[in-house]
Amino acid sequence: MIIDNKEIEFSEGATILEVAKKAEIYIPTLCYFEGLEGYGACRLCLCKVEGSKKLLPACTTPANEGMVVTTKNDEIQQLRRELIKLILSEHPYSCLICENKEKCETLRTSLDKAGRIFGCFSCPNKEDCEIRKIIDYLEIEKVDYQLSYKNYPLQREDPFIEKDYNLCILCGRCVRVCNELRGIGAINFSDRGHDTKVSTAFELPYIDTNCQFCGACVDACPTGALSSKKTKWNIHYTDVKNSTCGFCSIGCGFKYFSVNGNLSDSIPDNESPINKGQGCLIGRFCTSEFNNGKSRLKFPSFKSNYKHIPSGWDDIVSKTVKKLKIFRPEEIAILASPNLTNESAFILNKFARQIIGTNKLFLPIKENKVNIFYNLLNDYLDTKNYKRSFEDIENSDYIILINADPQITHPTLLINLNKAKKRGAKIISLNLSKYNLSLETQKLLDFKLNLKRQDIIEAFVALNMNIFNNINLQEKSLENAEGFETWINNSNIQSKSDELENLYKELMNLLKQKENFNGLILFGFINHLSDAYIQNLLGLLVNLIILTNNKFHLIPLWNSGNIEGVYQNLFYNNQYKSAYEIFNEIENGKIKLLYLTERIENTGLLEKLDTIILQDIFPSKDLKYADIILPTCTFLEDSGTYTNSESKMLMINKNAKSKGDSMPDWKIFCELAHTYRDNNSLKFDYSNPDEIRHEMLRDNSYYKTSDKKSECKYKLFIPNLDENFKSSFEIYTQKSFNFRGEPIYNQVADLKNLIEYRTEKLKQIKKGDNGNEDVSKPQFKILYNEEIVPNIYKLIIKAPFIAAKAKPCNFIIIMKNEKSERIPLTLSDWNQEQGTITVYYQEKGLSTLELAKANEGEELFSVVGPLGKDVEFSNFGTVLLGGGCYGIGSIYPIARKLKELRNRVIVILESKNKLLFYLEKKFETLVDKVVYCTSDGSKGIKGKIETAISHVIEAEETIDRCYFIGCNYMMMEASEKTQSEGNIPTFVNLSTIMIDGTGMCGGCRVTLLKEGAEITKFACVDGPTFNGHNIKWDLLIKRNARFDVVEEQSYQTQSCKALENLHLEDENE
Amino acid sequence: MSNNLEKKKKLKSPRNEIPEQDPTLRSKNFNEVNLGYTVSIAKKEAERCLQCAKPLCIEGCPVEVDIPAFIKLIQEEKFCEAAWKIKEKNALPGICGRICPQENQCEGNCVLGKKFEPVAIGHLERFVADYEREESNFQIPEKKKRNGKKVAIIGSGPAGLTVAGDLIKLGYDITIFEAFHKGGGVLAYGIPEFRLPKKIVQEEINYLIKQGVKINYNMVIGKVLTFDDLLDMGFEAIFIGIGAGLPQFLGIPGENLNRVVTANEYLTRVNLMNAYNFPDYKTPFISGNNVIVIGGGNVAMDSARTALRLGADKVTIVYRRAMEQLPARKEEVHHARDEGIIFNLLTNPTKFIGNEEGNIEKVEVIKMRLGEPDSSGRAQPVPIKDSEFFIDADLVIIAIGTTANPLLTSTYKKLQLTERGYIATDKFGRTNITHIFAGGDIVTGGSTAISAMGAGRGAAKAIHQYLQEL
């Protein structure tokens, strides 16, 4: 086919858009999203196809042989312009077409931390905005339609995700990704016509729906309507790298963002073949907070007199080696964490077996199953050639989940299951009783059976028997067919349940009828089963594979990220020791030193040991017993590989710097090995994990491709049903999601809240004082606190002392509660009789956000004022005032004072859009003339403050004086203008960062230029009113941005509104 | 055993050191560095006191605590009684035991110190105050009948709190006006948690409140209320103890660069606003990896050690004189050095140099030598020509002292000030206005908490006398 005169090859079924994209031809689109079917809603992708009268949408029109397509011509572009303008009429567009766009962007480098997004500068989508891209492509400078701002309330009540549907353009990407791809369906379109919007059923917060907080909607949203709380204020990163998520055994590809070596965000990687741009709550929203957990172990230390004393690595390594040398090798046991990288596991194996000389390496109890699984594959199939892949899920006809609940343990697999279901696969769940599957897993099922353990075994024995009896044994050379037959004949097992009977009858039929039958078994470990039970069950499943000649696939859903890799590196061709055996030896006193790379939290056991070395990332109950603590790294701070449940080796890249003095596991083992033995013939001086991997692939025979093809030496597993199937019943829940034993939710407050909220364990916190006697009861009651226009709040407080002394240009300092920051706000009005004061403030950061949440009737913890140097006013003649944002409120008292003194007063009110004006009536009745200017021309003059000043100067004879209040950028522009217009005396009210407001901290200092010399003034006591022509604005703007980075990063730790008044029942534990 | 023998034994027994947190550990946390005496160590140390007939230690104490008497009570294991003994003269023993420069005061005068080591009076004072607090065995002095006379105290720092403590006992109606939302003045915003836990300041303020002292927070006198307003409200005497809060600058180029901060700002964020608990507390602290602190006083040591605790890799103190002239308390210098603070002595900054973002990048400094003694008797530092060099820094903290803040004094022109803007008083804290008294740093300039308390004690006497005669 031909697109834009280029001949392009295409594959069957592709749309024009997909073909063009591959050929790197840009076609604008907003509703198209990779992974979803074409939707054809935004119509921006309309193209001309020869032979067709109408323009056709590229996203839904399939490519055809001989098609000739034009993506861009005047007619199409004009149509697109009209279309985007219509779309923009419902999306605040002032910044997109602002004449000052470039200057503004170079000066205002940081994000405005506003609540409501009304322009690009408060939009978390700014850096990567599809709308901006389209506007540049279509060269749009003017929008003829007035903005129809819907004024929906901000939705901030949920954890992790924030919503501002005022930005929504109804592309439907979020709805479709949630419904079609994820199969959740938490959101949909509601209402019709002009009132159409995206919402949950009954407009409930996400937390009260079945939303899984996977973040797919956020990542699909082309505007800032949906944003991650984590990056709402924090879109700046210094580095981004691809890597693999190590929290479960899927191994999703992620892009990891970091700011100066600190992990800041994680977004699923579109390029990853495993998860194709999708993720889950843990990987998407919890990674950075977990990794940056405050209590991370940072310094190696040793125990002395019951206290842990930090020390340097050299010292600790020699102390550790000394301890290791005290005991005979067989008295030393090492617990390998299933979260080690393959490289670290390989080095641990080498260090333990060849340097220390102990064979007592073991895995945590819960991971014992990996050995059973591998032994079965080894004995009955061919481990290395037994291929399994998550893609099999999508292509399966029949899927059996056994003891598996992917929503809880492997959330992203729900996508694959959902796809299979859409293709018509039957999905059933065989599950052990007492445990209720989570809702989203249940939704996928055709049926589920809650069975007793014995029943499942019997069902599979029966299935085995049936197939066995129905195949032609001559076709297979089974080593022990006779033995199996004998066992079957003796076992006399018959399924007792009708449902199971139906199940295997159905399966038998499918196997007979369908030539290319694809069966899949997902084996999960949502609760602990006894080894004997797992052995039998897995054995029967392996038989199923053999008997059906590979028509069934088996994928184990491990609960730890790299259990397969660690197992292969420690036990391939080595003797396996189970945790039970090791624990027995500890009980009997045979093992005296335990080296832990993952906690065991069995204090009884730990007390029996002489020495404990703990290599961990977070403190645990084990810490107390540790003689030596070796702080190590997470998968985000180390490089190497992980092996997932498909047995694929995936690359881990270092994305963040290690915390404190912590070191990667392999490095710690290498250091110990060096010190343990001086003249080492074994290599331990690796400079990076790549070198280790090289050696690992060479030396570990597991990784050698086996040359002998899987010969037909299959034999059948013969169950032993006499064994005891009893096991502990610890159920795996979202709470159990852990890394190196540390539950993720321990470190991520919102995750903890979410889980507890949904399990209804939350209690209303009892509001009360901490009983601190001296804190006198605050007397600053909030009488009114409402958002009057987007992001601008009006606050009225009872404060009689301040009302009695207030003057124009004065400010107050407010603390909402004991933990708040002290923030200065300019006084806008006061009433002596009623003892009230009024301020207008803009929500633009942590503290104003907190203030915005305050309710009427609440008491503020501290209000101090009136502060600031008094300004002298008199009859100056004609005075020009200018206000923007909160400054509209702040110039009001100046206007009133000037009118009292009989000045002619002209006021310019400036904003992005007319919706942002307030107090218009009051100004219009008070002063002689009000001039409006907006950056999109929606009211008054189109332009910024300087344009409006020119207009006023042209119209007036003289202007004797000016006062401007607004953001620093606006005041700078205004001052520059009045200076160039004949040096009209100009005063501005600076809003700086201060603490005390009384001249004590010096944080608010301002550099003035007077007669060429720089002088320093304090905004709090020498100001806040200064001559605008003397201020060094660039310095001031930089000073005001000096806490932006820390503040941005802090936003994610703000608990969501729905949860902030709740607390956990077991918080004291 | 004869008395003589016992005395000899005492002389020979060494001073009992106070247990400290290990330097490597403590430099990463905000817990108190000194762990305090245990009962047995306290008793052992108390035994060393000779109970002199003419105790010189009392003379060394600005508030004249009966030191031998309280030490005797420790010997008798009457620890709470010992605390009450101190409280007869000093309302804030938990604070003074921690931050007084004892080496120049009580302990400097101790007879034992002439040949051997002085008794650790400070440590003992702290011990009994902590003991009393932990046992919650406060003895609240009987509330005296109010005499109906109202006294306003401006500032709740050490001077103000002492005046309040003394006058409340005499039956006056006391109201303290505090500009901040928390009491304690420099004790709350200046001195770090690891040196003086804020809990202790709070407890000692609570002790005054229990006795009937009223504290009004959030009141910036001079702005929200004037001296005349106070008179109108019925206050018959006013004590000004507002400290010397205005930070001094070096007056060299680049001082307004980002990340060049005053010690006042740096410490206030961390101490008063709990910034080290950011973002639980909403005030951010200013972090730096490579920190330079300019100055050699206690505030410089506090800033340097705070920077270390906030995660700095390297902290350097730049001071223009030599080690012997460091004005900081000996114990603080010793603690700072143990924790790994680098001392770059006989150097003085000449220029701050920033990068493109307007942040500090390096400091140009010049080498100094000691010249002739100046009027204060200290050797005058003199720059060595052409000896400039650069030190890299990503945070500079200026801790070269503070001066009087004119916010209040400028609103009342009748009040007589010194040339440098401090309030002029006689030695009893009387100003030129009969009903106004002042004491502490606003009179003397930056000094110690205990001398402010001494001034408060004197002023309390003068106020009492004035109101009696009225």
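That block above? That's the structure.
Residues numbered from 1 in each chain as written. Chains lettered and ligands numbered in written order. Predicted model: local features only at pLDDT ≥ 70, side-chain atom pairs only at ≥ 80, totals over all residues. Heavy atoms only, no water.

Draft legend 1. Geometry of the overall build of chain B. Helix and strand counts for chain B stand at 20 helices and 16 strands. Projected onto its principal axes, the C-alpha coordinates of chain B cover approximately 65 × 65 × 50 Å. The buried share of chain B, reckoned over its 470 residues, is 57%. Excluding contacts between residues fewer than 6 apart, the proportion of contacts in chain B whose partners are at least 24 apart in sequence is 70%. A total accessible area of about 19000 Å² is found for chain B, and carbon and sulfur atoms account for 50% of it. (Helix = DSSP H or I, 4+ residues; strand = E, 2+ residues; numbered from the N terminus. Buried < 20%, exposed > 50% of the residue type's maximum accessible area, 1.4 Å probe, protein only. Contact = heavy atoms within 4.5 Å. Areas by Shrake-Rupley, 256 points an atom, 1.4 Å probe, with all protein chains shown as cover.)

Draft legend 2. Geometry of the interface of chain A and chain B. Every contact between the two is made by 56 residues of chain A and, on the other side, 53 residues of chain B. Between chain A and chain B lies a buried interface of about 4500 Å² when both sides are counted; carbon and sulfur atoms form 59% of it. Where chain A touches chain B, the interface holds 17 residue pairs in polar contact (both at pLDDT 80 or more). Sorting elements by how many residues they give to the side of chain A that touches chain B places strand 36 (residues 862-867) of chain A first, with six residues. For the side of chain A that touches chain B, the class distribution of residues is 23 nonpolar, 17 polar and 16 charged. (Buried area = accessible area lost by both parts, 1.4 Å probe. Polar contact = N/O pair within 3.5 Å; in protein donor to acceptor, adjacent residues only side chain to side chain. Nonpolar A, V, L, I, M, F, W, Y, C, P; charged D, E, K, R; others polar.)

Draft legend 3. Spotlight on the state of the cysteines. Scanning the model with the defined rule gives zero disulfides over all chains in all. With no disulfide of its own, Cys 633 of chain A lies 13 Å from the sulfur of Cys 670 of chain A, the closest cysteine sulfur. Take Cys 633 of chain A: its relative accessible area is 3%, and that puts it in the buried class. Note on Cys 52 of chain B: no disulfide assigned, nearest cysteine sulfur contributed by Cys 49 of chain B at a separation of 6.3 Å. Among the residues examined, Cys 52 of chain B registers a relative accessible area of 29% and is labelled partly exposed. (Disulfide = S-S within 2.5 Å.)

Draft legend 4. Molecular detail of the pattern of salt bridges. Residue and element names in this part refer to chain A. Applying the stated rule across the entire model yields 69 salt bridges over all chains. Among the salt bridges present, the one from Lys 350 reaches Glu 695, with a minimum N-O distance of 2.6 Å. Residue Lys 350 is located in helix 9 (residues 342-356), and its partner Glu 695 is located in helix 23 (residues 689-699); the two are separated by 345 residues in the primary sequence. Neither Lys 350 nor Glu 695 differs from the other in exposure class; each is buried. As a salt-bridge pair, Asp 446 and Lys 421 come within 3.9 Å of each other at their nearest N and O atoms. Taken together, the positions of Asp 446 in the loop between helix 14 (439-444) and strand 19 (447-451) and Lys 421 in helix 13 (residues 413-422) put the pair 25 residues apart, joining distant regions of the chain. Judged by its relative accessible area of 38%, Asp 446 is partly exposed. (Salt bridge = Lys/Arg side-chain N within 4 Å of Asp/Glu carboxyl O.)

Draft legend 5. Local environment of the environment of Ser 701 of chain A. All names here are of chain A. Examined against the element boundaries, Ser 701 turns out to sit in the loop between helix 23 and strand 27 (738-739). For Ser 701, a relative accessible area of 23% puts it in the partly exposed group. Among the polar contacts listed, one links the side chain of Ser 701 to the side chain of Asn 573, at a separation of 2.7 Å.

Draft legend 6. The arrangement of the sheet that holds strand 42 (residues 986-989) of chain A in detail. Residues and elements named next belong to chain A. Strand order in the open sheet made by the seven strands is 40-39-38-37-41-42-45, with mixed pairing throughout. The strands lining the two open edges of the sheet, one partner per strand, are strand 40 (941-942) and strand 45 (1025-1027). Where strand 37 (residues 878-884) lies against strand 41 (residues 961-965), five bridges are found, and the strand directions are parallel. Directly across from Gly 882, in strand 41, lies its bridge partner Phe 964. The strands that helix 30 (residues 945-955) touches are strand 37, strand 38 (904-911), strand 39 (929-934), strand 40 and strand 41; relative to strand 38, the one it contacts most, it runs at about 155°. (Pairing = 2+ DSSP bridges. Axes fitted to C-alpha atoms, helices over the stretch in contact; angles between N-to-C directions.)

Draft legend 7. Structural view of the packing of helix 5 (residues 67-75) of chain B against helix 6 (residues 79-87) of chain B. Residue and element names in this part refer to chain B. Relative to each other, helix 5 and helix 6 sit at 170°, their axes nearing to 8 Å. Of the possible angle classes, the one that applies to helix 5 and helix 6 is roughly antiparallel. Along the contact surface, helix 5 presents Ala 69, Phe 70, Leu 73 and Ile 74, while helix 6 presents Phe 79, Glu 81, Ala 82, Lys 85 and Ile 86. A breakdown of the residues in the contact of helix 5 with helix 6 according to their chemical character gives seven nonpolar, no polar and two charged. (Parallel < 35°, antiparallel > 145°, perpendicular 65-115°, else oblique.)

Draft legend 8. Representation of a negative patch on the surface within the structure. A surface patch of like charges, here negative, comprises Glu 356, Glu 357, Glu 361 and Asp 392 of chain B. Structurally, Glu 357 of chain B is set in the loop between strand 10 (347-354) and strand 11 (360-373). (Patch = residues over 30% accessible without salt bridge, like charges linked within 9 Å, V, L, I, M, F, W, Y side chains within 5 Å. Lys, Arg positive; Asp, Glu negative; His and termini not counted. Charge placed at Lys NZ, Arg CZ, Asp CG, Glu CD.)

Draft legend 9. The arrangement of the nonpolar core in detail. All names here are of chain A. Residues Leu 430 and Phe 460 are the most contacted members of the largest nonpolar core, which totals 106 residues. Residue contributions to this core peak at 11 residues, all from helix 18 (residues 531-547). Leu 430 has contacts with Ile 400, Leu 401, Ile 402, Asn 403, Leu 449, Leu 451, Ile 456, Phe 460, Leu 500 and Leu 503, leaving out every residue within four places of it along the chain. Formed by 77 residues, the second largest nonpolar core is a distinct cluster that contains Val 175, Cys 217, Phe 290 and Ile 755. (Core = buried A, V, L, I, M, F, W, Y, C linked by side-chain atoms within 4.5 Å.)

Draft legend 10. Representation of the side chain of Asp 392 of chain A. Residue and element names in this part refer to chain A. Mapped onto the elements, Asp 392 comes out in helix 11 (residues 391-394). The charged side chain of Asp 392 is buried without a salt bridge, its nearest counter-charge being Arg 388 at 8.6 Å. Sequence-distant contacts of Asp 392, that is, excluding residues within four places in its chain, are made with Leu 520 and His 553.

Draft legend 11. Layout of the packing of aromatic side chains. Residue and element names in this part refer to chain A. Evaluated as defined, the whole model comprises 45 aromatic pairs over all chains. Consider the rings of Phe 247 and Phe 739, whose centres lie 5.8 Å apart with planes at 85°: the pair is edge-to-face. Of the two residues, Phe 247 is situated in the loop between strand 10 (239-244) and strand 11 (253-259) and Phe 739 in strand 27; the sequence distance between them amounts to 492 residues. For Phe 739, a relative accessible area of 1% gives the class buried. Centroid distance Tyr 567 to Phe 571: 5.6 Å. Interplanar angle 45°. Geometry classified as tilted. Of this pair, Tyr 567 and Phe 571 both sit in helix 19 (residues 563-571), four residues apart, which is roughly one turn of that helix. (Phe/Tyr/Trp six-rings, centres within 6.5 Å; stacked < 30°, edge-to-face > 60°.)

Scope: geometric values only; no functional claims are made or implied.
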